[in-house]
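Here is how the chains run, residue by residue.
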Amino acid sequence: MNIAFYSGVSGMVAYQQEMDVLANNIANVGTTGFKPSKASFSDLLYTKMDINAEEKPLTGHGVKVADTQLRYKQGTPNATNNGLDFALLGEGFFAVERDGKTEYTRNGAFDVSMEGKKGYLVTTDGAYVLDAKGKQIDLKQLPNSNLYDLEGIADRLGVYTFSNPYGLQPTSGSSFLETENSGTATAVKNNKKDLPYQLLTQTLESSAVDLSEEMVNMIMTQKAFQFNAKIVQTADEIEEVVNNLR
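Cut-offs used in this document
Residues numbered from 1 in each chain as written. Predicted model: local features only at pLDDT ≥ 70, side-chain atom pairs only at ≥ 80, totals over all residues. Heavy atoms only, no water. Helix = DSSP H or I, 4+ residues; strand = E, 2+ residues; numbered from the N terminus. Rg over C-alpha atoms; globule rule 2.2 N^0.38 Å. Buried < 20%, exposed > 50% of the residue type's maximum accessible area, 1.4 Å probe, protein only. Phe/Tyr/Trp six-rings, centres within 6.5 Å; stacked < 30°, edge-to-face > 60°. Expected span 1.5 Å × (residues − 1). Contact = heavy atoms within 4.5 Å. Polar contact = N/O pair within 3.5 Å; in protein donor to acceptor, adjacent residues only side chain to side chain. Core = buried A, V, L, I, M, F, W, Y, C linked by side-chain atoms within 4.5 Å. Salt bridge = Lys/Arg side-chain N within 4 Å of Asp/Glu carboxyl O.

**Q** Would you mind going over the overall build of the protein with me for this structure?
**A** Counting secondary structure elements, the protein contains three helices and 18 strands. Compactness check: the protein gives a C-alpha radius of gyration of 25 Å against a globular reference of 18 Å for 246 residues, more than 25% above the reference. By principal-axis analysis of the C-alpha atoms, the protein measures approximately 95 × 30 × 30 Å. Per-residue burial for the protein yields a buried fraction of 35% across its 246 residues.

**Q** Help me out: how do you make sense of the packing of aromatic side chains in this one?
**A** Between two aromatic rings, the relevant description is the distance of the centres plus the angle of the planes. In total, this model carries ten aromatic pairs according to the counting rule given. Geometrically, the ring pair formed by Phe86 and Phe110 is tilted, given 6.0 Å between the ring centres and 40° between the ring planes. Placement of Phe86 in strand E6 (residues 86-90) and of Phe110 in strand E9 (residues 110-115) is noted, with a sequence separation of 24 residues between them. With a relative accessible area of 1%, Phe86 lands in the buried category.

**Q** Whenever I open this one, helix H1 (residues 2-27) confuses me. Can you help?
**A** What sets the pattern is the α-helix's 3.6 residues per turn: residues three or four places apart point alike. Relative to the 38 Å expected for 26 residues at 1.5 Å per residue, H1 spans 37 Å between its end C-alpha atoms, a close match to the ideal helical length. By the burial criterion, the buried members of H1 are Ser7, Gly8, Ser10, Gly11, Ala14, Glu18, Met19, Val21, Leu22 and Asn25.

**Q** Sorry, what's going on with the environment of Tyr104 here?
**A** When you line up the elements, Tyr104 lands in strand E8 (residues 101-105). For Tyr104 and Asp131, which are 27 residues apart along the polypeptide, the C-alpha to C-alpha distance reads 12 Å. Those residues in contact with Tyr104, other than ones at most four positions away along the chain, are Phe93, Phe94, Ala95, Tyr160, Phe162, Ser174, Ser175, Phe176, Glu178 and Ala185.

**Q** Quick question: what am I supposed to make of the side chain of Asn107 here?
**A** Its location among the elements puts Asn107 in the loop between E8 and E9. At 3.1 Å, the side chain of Asn107 and the backbone nitrogen of Ala109 are in polar contact. Non-local contacts of Asn107, meaning those with residues more than four positions away in its chain, are made with Thr32, Gly33, Phe94 and Ser174.

**Q** Explain the nonpolar core to me, please; I cannot follow it from the model alone.
**A** Generally speaking, a soluble globular protein has its nonpolar side chains buried in company with each other. Judged by nonpolar contacts, the single largest core of 18 residues is most densely connected at Phe86, Phe110, Leu121, Val129, Ile137 and Leu157. Listing elements by their share of this core, those giving two or more residues are E6, strand E7 (93-98) and helix H2 (153-156). Tyr72, Leu130, Tyr160 and Phe176 belong to the second largest nonpolar core, which has eleven residues in total.

**Q** Quick question: what am I supposed to make of the pattern of salt bridges here?
**A** Pairing between side chains becomes possible if they bear opposite charge and their charged atoms approach one another. The final tally for this structure, using the stated rule, is seven salt bridges. Arg71 is paired through a salt bridge with Glu213; the nearest N and O atoms lie 2.7 Å apart. In this pair, Arg71 is assigned in the loop between strand E4 (63-70) and strand E5 (77-79) and Glu213 in helix H3 (residues 211-244), connecting sequence segments 142 residues apart. Look at Glu213 and you get partly exposed, because its relative accessible area is 30%. Each member of the salt-bridge network shares a partner with another, and the members are Lys35, Arg106 and Glu205.

Structure representation (structure tokens):
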């Protein structure tokens, strides 16, 4: 009964973790450039059953969440008619500087930050947008105006690619951090003929979350959680009966 109890508990823990992943995906269904994640499972230790049999069959001890994998797929481009909105079709990420660290994002909703007489291209939460050399993109102020010159701003945007974008580490927002598995970020020269991306202006990439798919996965996960909870309950009831026979 102890094996059944612990197997059921491990299943409840694993499916609760998957529910957290699915809930985060659903919560970001409206987040620009968001990429969903998926939990993958692996079985726990196997041991030989204590029975008098020649082949010594094995019994499992439950399941665990082995990894949370990024599902890197294209979101739908939506026109916004805003000159500071950009979207990438295909590979690539925009680079932003936040708290001294370089992050990578598909969210091209940018703005202008005025710092004294200088202007900088930033994200909506204030992170600096970087060019292909990893430098902040500064903007010149138009004469006798509080406006800034945005001519050719699309050509100044740095677009970076990774050998394995599935290995990127998601942050608390819609950005990602470079990891050993993702490989080093490489700036794409926009003068190349065969670019791995297409840059769209006045457009944003919607979240890549498929709400109907996530809801189906959530229902399946809930059922699996309930099934494992029933295993724990049944094992506990049998244990109680055994104890009362003593």
